[in-house]
Amino acid sequence: LEVRPSPQAEWQPIVLENSGFETGVPSDTEDDSTDSDPGASKPIPGWGSGGSGYSCAATSESAAEGELSLVVASAPLAGPESLFEARPEAGETVQKMLARELWVQLPLALPSRDGRTLGPPDAPDFGELKARLASIDPNALDADDESLRLAGVILAWNVFQHFYPYFDVVDVDWDRVLTEGLRRALADAGGNEFLDTLRWVVSQLHDGHGFVAHPEAALRGGLPVALVSVDGKLVVEAVAGGNEGAGICVEPGDILESLDDESATERFEAECRLASGTLQWRTARTLRMFGRGEPGSRVRLGLRRGDETVHCEVERSSAAEAPSNRPEAIASLRPDVMYVDLGRAPLETIQERIEELAAAPGVVFDLRGYPRGNDEVLSHLSDQVLRSAHWQIPQQIYPDQERRVGFDTSGRWLKEPRQPRFRGEVVFLTDGRAISYAESVMGIVEHYQLGEIVGSATAGANGNVNSFTLPGGYRLTFTGMRVVKHDGSQHHLVGILPTVPAGPTLEGLRAGRDEVLEQGLALIEARLASGD
C-alpha cells in the first residue's frame, strides 16, 4: 500500500500488519461450534471488517502467495424482518406538531404487494421525480448553496433526534440546537464556515464518537511534536527524532504560545469548543489534531522556555504516529518489571513473548491510546470468565425515540481463561486518549480488578459508531450503541476512572520524564517490596 497526500506529492509506503494474511485462521478449519453462521466474517489479526452484504475470511484454498489468502465473498443481506420482531401495527399513525398551529399525521405502516408500496389508483407516476433526481450531479453540490446548508442541518438534526441513544444523560436543549444550527447555516459564507456549523451541531451531542469530515478539509500534516495540556498550558511532551529533535529547535517542556503569530491558547480553545465529548476527550483529540496543515508546509512556533521566548520554524510531517518518549512497545524496564504498550504491540507480538511476560514479577500495560487488536491478553490475567460491559443496540420503530421496543444485547464479549496465567503484579496506565474499544478493555480491568489503574479518566464514549453522508460530501459519525457498566451504572461522559490518579507536570516534562509510567512502576515496586 502506498499513499500520497496530494497529486503533486511523492508516494509514501505504508506498512501493513499481517499483509499476507498468513497469521489468519483458515475459514475451512474453524470450529463450527463457535460460530453458527458459516458466512460470517472471521477475525483476522491486524485487520477489521464491517458492514452487510459480504463476508471476509482467511482461507488456505488457492492461496496466491504463502499458505493463506483473503476471500471477500457476497453474503445474503438481512431483510427488514430480520432486524427485530417488533413493528408498527397496520393502521398505526403518528401525529406531530411541526410548528405553531401546523401539525402532520403520517402512517407508520404501509400496505405493499410484490415488494412495492400500494398507493391510490390516481397516484402520480414517479418517473419524472426519478429523472430529476438522476440529473443531479453530487459533485456539483457545495456549501455555497444556501439550500444545501439548510438541508444539511435539518438532515443531521433528524438523524440524531431519532437515533442518538444518549439524550437521557446529555444536558442539551435539542430543539434549540436546530434553531441555532439553521441560523448559523444561513449566515455561513461557504464550505469552511458550514463545516464549523456542522461541528457545532455535533458538539452539542457531547459524544466522543461525534465527528464531521469533508474531503477538501482533510489536513494530514501534523506538527513534529506531541503536546499535552498542563495547567491550561500547551506543553511539548515529545519531539520527532527523540529529545535531540533531529535538528528541530523544540525541546520537551517548551510551552507553545503561538502558531504563525496567532495565540496558540485561543486557537486551541476555539477548536476544542467545536469538538464533541467529555473535556478529557476533546482535549486529547484537539491536541492530536492541533496545528495540522498540508504535509511539508512550514509553521512558525512561538515557545516559552523558562524565562525566554524562542521562535522556531518547523515543517509539518505526514508521519502516521505522533512523536513519543515511551519505551519500546514491549520492553524490560527493570529486572523484575516488563512493559507492554497495548497501543503499539499487536496480539501476535505479545504472544511471541507471552511466557516471558507471564513469568515477570510485574507488568505495566500502557493503554493511553487505542489497542492494536490485543484484548485477548486479558484472558491471561484471570482464572474466571471475563465479560465486557453491557452493549445495547436500541430498537426503534417510532419517531423521536418514543416507546422504544427494546435493545439488542447479543454482542457482549465473553473471554475464557487462557494459559499461561500472569502471576505478577499488574498495573494499567490510561487517560483521556483511551476511547471506545480501549474503554471496553479498561471496563473489564475495572470491574474484575485485574490491576491498579493509574493516570486519569478515559474518554467516556463507548459503543459502535454510526455514520452517514450529507449532500455536499459531509460525513458525520456518532455513537449508535448504548454501553453501561457491568453494574448498570452510566459509562457515557464518565469513562473508566483511575484508582491512582497521576498526570504530567511541567517540571517532569522539562526533565523528559513520564510521570504516569513512573507512578505505575512505583506501585509495582512497593508491592513487590512488601511481599503482598
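Computed from a prediction, not measured in an experiment: that's the story for all the values here. (Residues numbered from 1 in each chain as written. Predicted model: local features only at pLDDT ≥ 70, side-chain atom pairs only at ≥ 80, totals over all residues. Heavy atoms only, no water.)

## Focus on the overall build of the chain
For step 1, the next point in the chain: Per the secondary structure count, the chain includes 11 helices and 28 strands.
For step 2, the next point in the chain: Scaling as 2.2 N^0.38, a compact globule of 532 residues should have a C-alpha radius of gyration of about 24 Å, and the chain matches this with 26 Å.
For step 3, the next point in the chain: With respect to the principal axes defined by its C-alpha atoms, the chain has extents near 85 × 60 × 50 Å.
For step 4, the next point in the chain: The buried share of the chain, reckoned over its 532 residues, is 42%.
For step 5, the next point in the chain: Of all intrachain contacts in the chain linking residues separated by at least 6 positions in sequence, the fraction that spans at least 24 positions is 64%.
For step 6, the next point in the chain: When the accessible surface of the chain is summed, it comes to about 28600 Å², and 50% of that surface belongs to carbon and sulfur atoms.
For step 7, the next point in the chain: Placing the 48 positive and 82 negative side-chain charges of the chain at their respective mean positions leaves the two points 4 Å apart. (Helix = DSSP H or I, 4+ residues; strand = E, 2+ residues; numbered from the N terminus. Rg over C-alpha atoms; globule rule 2.2 N^0.38 Å. Buried < 20%, exposed > 50% of the residue type's maximum accessible area, 1.4 Å probe, protein only. Contact = heavy atoms within 4.5 Å. Areas by Shrake-Rupley, 256 points an atom, 1.4 Å probe, with all protein chains shown as cover. Lys, Arg positive; Asp, Glu negative; His and termini not counted. Charge placed at Lys NZ, Arg CZ, Asp CG, Glu CD.)

## Points about the packing of aromatic side chains
For step 1, the next point in the chain: Tallied over the entire structure, the rule returns 15 aromatic pairs.
For step 2, the next point in the chain: With centroids separated by 6.1 Å and ring planes inclined at 10°, the aromatic side chains of tryptophan 157 and tryptophan 174 adopt a geometry described as stacked. One end of the pair, tryptophan 157, is in helix α2 (residues 146-163); the other, tryptophan 174, is in helix α3 (residues 174-187), with 17 residues separating them in the sequence. In this pair, the class of tryptophan 157 matches that of tryptophan 174, namely buried.
For step 3, the next point in the chain: Geometrically, the ring pair formed by phenylalanine 160 and phenylalanine 478 is edge-to-face, given 5.2 Å between the ring centres and 85° between the ring planes. Of this pair, phenylalanine 160 sits in helix α2 while phenylalanine 478 sits in strand β26 (residues 474-479); the two residues are 318 residues apart in sequence, bridging distant segments of the chain.
For step 4, the next point in the chain: Joined through ring pairs, the aromatic side chains of Trp157, Phe160, Tyr164, Tyr166, Phe167, Trp174, Phe468 and Phe478 make up one cluster.
For step 5, the next point in the chain: Its end group placed over the ring of tryptophan 200, arginine 184 keeps NZ or CZ at 4.2 Å from the ring centre.
For step 6, the next point in the chain: Across the ring face of phenylalanine 290, the terminal group of arginine 267 is positioned such that the distance to the ring centre comes to 5.7 Å. (Phe/Tyr/Trp six-rings, centres within 6.5 Å; stacked < 30°, edge-to-face > 60°. Lys NZ or Arg CZ within 6 Å of the ring centre and 35° of its normal.)

## Digging into the sheet that holds strand β27 (residues 482-484)
For step 1, the next point in the chain: Taking strand neighbours across the sheet as the criterion, the 3 strands line up as β21-β20-β27 in an open arrangement whose pairing is antiparallel. The outermost strands of the open sheet, each flanked by one partner alone, are β21 (406-408) and β27. Here the strands of the sheet are splayed against their neighbours by 45° on average, with no regard to which way each runs.
For step 2, the next point in the chain: In this structure, strand β20 (residues 390-395) lies alongside β21, joined through 3 bridges in antiparallel fashion. Each bridged residue has a counterpart across the sheet, and for glutamine 395 the counterpart in β21 is glycine 406. (Pairing = 2+ DSSP bridges. Axes fitted to C-alpha atoms, helices over the stretch in contact; angles between N-to-C directions.)

## Focus on the sheet that holds strand β9 (residues 211-213)
For step 1, the next point in the chain: With antiparallel pairing, the 3 strands of this open sheet are ordered in space as β9-β26-β25. Each having just a single partner strand, β9 and β25 (465-470) make up the two edges of the open sheet. Shown here is a sheet whose adjacent strand axes are inclined to one another by a mean of 20°, direction ignored.
For step 2, the next point in the chain: With 3 bridges joining them, β9 and β26 adopt antiparallel strand pairing.

## Quick look at the packing of helix α5 (residues 264-273) against helix α6 (residues 279-289)
How two helices pack is summed up by the angle between their axes together with the distance between the axes.
For step 1, the next point in the chain: Relative to each other, α5 and α6 sit at 120°, their axes nearing to 9 Å. It follows from the interaxial angle that α5 and α6 lie oblique. Relative to α6, the crossing made by α5 is right-handed. Counting all contacts with α5, which are made through Phe268, Glu271, Cys272 and Arg273, the residues of α6 involved are Arg282, Thr283, Thr286 and Leu287.
For step 2, the next point in the chain: Grouping the constituent residues of the contact of α5 with α6 by class yields 3 nonpolar, 2 polar and 3 charged. (Parallel < 35°, antiparallel > 145°, perpendicular 65-115°, else oblique. Left-handed = near helix turned anticlockwise from the far one by under 90°. Nonpolar A, V, L, I, M, F, W, Y, C, P; charged D, E, K, R; others polar.)

## Considering the side chain of histidine 486
For step 1, the next point in the chain: Summarising the element assignment, histidine 486 is placed in the loop between β27 and β28 (500-501).
For step 2, the next point in the chain: Classification of histidine 486 as buried rests on a relative accessible area of 13%.
For step 3, the next point in the chain: Looking at histidine 486, its side chain comes within polar contact range of the main-chain oxygen of serine 388, at 3.3 Å.
For step 4, the next point in the chain: Ignoring any residue separated from it by four or fewer positions in sequence, one finds histidine 486 in contact with Arg387, Ser388, Ala389, His390, Arg412, Gly443, Ile444, His447 and Tyr448. (Polar contact = N/O pair within 3.5 Å; in protein donor to acceptor, adjacent residues only side chain to side chain.)

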